Amino acid sequence: MSGKSCRFGELFAEPTRNGLTRPKAVRGVGVKMVNMGELFANSRISNVSMDRVPLSDSEAQRFLLKKGDLLFARQSLVLEGAGKCSIFLGDDEPVTFESHVTRVRLNPAKADPHFYFYYLQSHQGRSTIASIVEQGAGASGIRGSDLSRLNVLWRPLPEQRAIAHILGTLDDKI
């Protein structure tokens, strides 16, 4: 895919957000929470079994996921896992996300989240993400601030939607 590019952050509806920290002792009741296990097991997250955590009303306003939110692995023990992108397709009940995950919510007037999900799965997109991965002692990771500065492919919104529709239809058949 070649063409025009833009800063990923120019497409955001709001700044990136890292998820919640909840100790294992409080897990088991409350709202479903996407953790690294779900992120790595499901590129497209919808109605899967998850841990549950308590969530206050003020936390719910900031940390509940919306359909189309992109979720990125902030850290990984393997280099290729850092920055892995999944998309939240919705759920039958409220869902939040844990602290090792960064949420990106795109502005629907500028960007189709499904298009960027597929773009970030492509070889070019993975190379773009790899450019911001930092290797540390025992783990690799990315920062939300670096995600916003990424140069990503840009297409007019109708074209983004058409491409995402075709790829989504193929994914559904698989």
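Here the structure is shown first, and the text comes after it.
Caption draft 1: Representation of helix α3 (residues 113-121) within the structure. The buried count for α3 comes to seven of nine residues, which makes it a mostly enclosed element. Among the residues making up α3, those that are buried are Pro113, Phe115, Tyr116, Phe117, Tyr118, Tyr119 and Leu120. Looking at the packing, one finds that the buried side of α3 touches β4 (44-46), β6 (70-73), β8 (85-90), α4 (123-130), β13 (151-153) and α6 (157-173). Capping the start of α3 is the job of one residue whose side-chain oxygen sits 2.7 Å from the backbone nitrogen of histidine 114: aspartate 112.

Caption draft 2: Focus on the packing of α3 against α4. Between α3 and α4, whose axes approach to 4 Å, the crossing angle comes to 80°. As the angle between them shows, α3 and α4 are arranged roughly perpendicular. Residues Tyr119, Leu120 and Gln121 of α3 lie in contact with α4, whose contacting residues are His123, Gln124, Gly125, Arg126, Thr128 and Ile129. Among the residues forming the contact of α3 with α4, the class breakdown is three nonpolar, five polar and one charged.

Caption draft 3: Seen up close, the pattern of salt bridges. The tally for this structure, following the rule as stated, stands at 13 salt bridges. Here arginine 105 makes a salt bridge to glutamate 14, at a shortest N to O gap of 3.5 Å. Placement of the pair is arginine 105 in the loop between β10 (101-104) and α3 and glutamate 14 in the loop between β1 (5-7) and β2 (17-18), with a sequence separation of 91 residues. The class for arginine 105 is buried, based on a relative accessible area of 11%. With a closest N to O distance of 3.0 Å, glutamate 134 and arginine 143 form a salt bridge. The exposure class of glutamate 134 is partly exposed, given its relative accessible area of 38%. You can call arginine 143 partly exposed: its relative accessible area is 42%. Ionic contacts of the salt-bridge type, sharing partners, join the residues Glu14, Asp69, Arg103 and Arg105 into one network.

Caption draft 4: Looking closely at the sheet that holds strand β12 (residues 140-141). One open sheet accounts for three strands, arranged β7-β12-β11; its pairing is antiparallel. Of all the strands in the sheet, just β7 (75-76) and β11 (134-135) have a single pairing partner and so form its edges.

Caption draft 5: Looking closely at the environment of phenylalanine 72. For phenylalanine 72, the position within the fold is in strand β6. Judged by its relative accessible area of 0%, phenylalanine 72 falls in the buried class. Distance in space between the C-alpha atoms of phenylalanine 72 and tyrosine 118 is 13 Å, their sequence separation being 46 residues.

Caption draft 6: How the structure looks around the sheet that holds strand β9 (residues 95-97). If you walk across this open sheet you meet the three strands as β5-β3-β9, and the pairing is mixed. Every other strand in the sheet has two partners, leaving β5 (51-53) and β9 as the edge strands with one partner each. Within the sheet, the average angular offset between the axes of one strand and its neighbour, ignoring direction, is 50°. Relative to β5, strand β3 (residues 31-34) is paired through three bridges, and the arrangement is antiparallel. Among the inter-strand pairings, valine 31 is bridged to a residue of β5, identified as valine 53.

Caption draft 7: Quick peek at unusual backbone geometry. Even without being glycine, asparagine 47 reaches a positive phi, approximately 50°. Tracing the sequence through the fold places asparagine 47 in the loop between β4 and β5. Its relative accessible area of 39% is what places asparagine 47 among the partly exposed residues.

Caption draft 8: Broad picture of the packing of α3 against α6. Where α3 contacts α6, the axes come no closer than 8 Å and their chain directions differ by 65°. On the basis of their axis angle, the class for α3 and α6 is roughly perpendicular. As for the relative orientation of α3 and α6, their crossing is left-handed in sense. Contacts from His114, Phe115, Tyr116, Phe117 and Tyr118 in α3 reach Gln160, Ile163, Ala164, Leu167, Gly168 and Asp171 in α6. Of the residues belonging to the contact of α3 with α6, the class tally is seven nonpolar, three polar and one charged.

Cut-offs applied
- Residues numbered from 1 in each chain as written.
- Predicted model: local features only at pLDDT ≥ 70, side-chain atom pairs only at ≥ 80, totals over all residues.
- Heavy atoms only, no water.
- Buried < 20%, exposed > 50% of the residue type's maximum accessible area, 1.4 Å probe, protein only.
- Helix = DSSP H or I, 4+ residues; strand = E, 2+ residues; numbered from the N terminus.
- Contact = heavy atoms within 4.5 Å.
- Polar contact = N/O pair within 3.5 Å; in protein donor to acceptor, adjacent residues only side chain to side chain.
- Axes fitted to C-alpha atoms, helices over the stretch in contact; angles between N-to-C directions.
- Parallel < 35°, antiparallel > 145°, perpendicular 65-115°, else oblique.
- Nonpolar A, V, L, I, M, F, W, Y, C, P; charged D, E, K, R; others polar.
- Salt bridge = Lys/Arg side-chain N within 4 Å of Asp/Glu carboxyl O.
- Pairing = 2+ DSSP bridges.
- Left-handed = near helix turned anticlockwise from the far one by under 90°.

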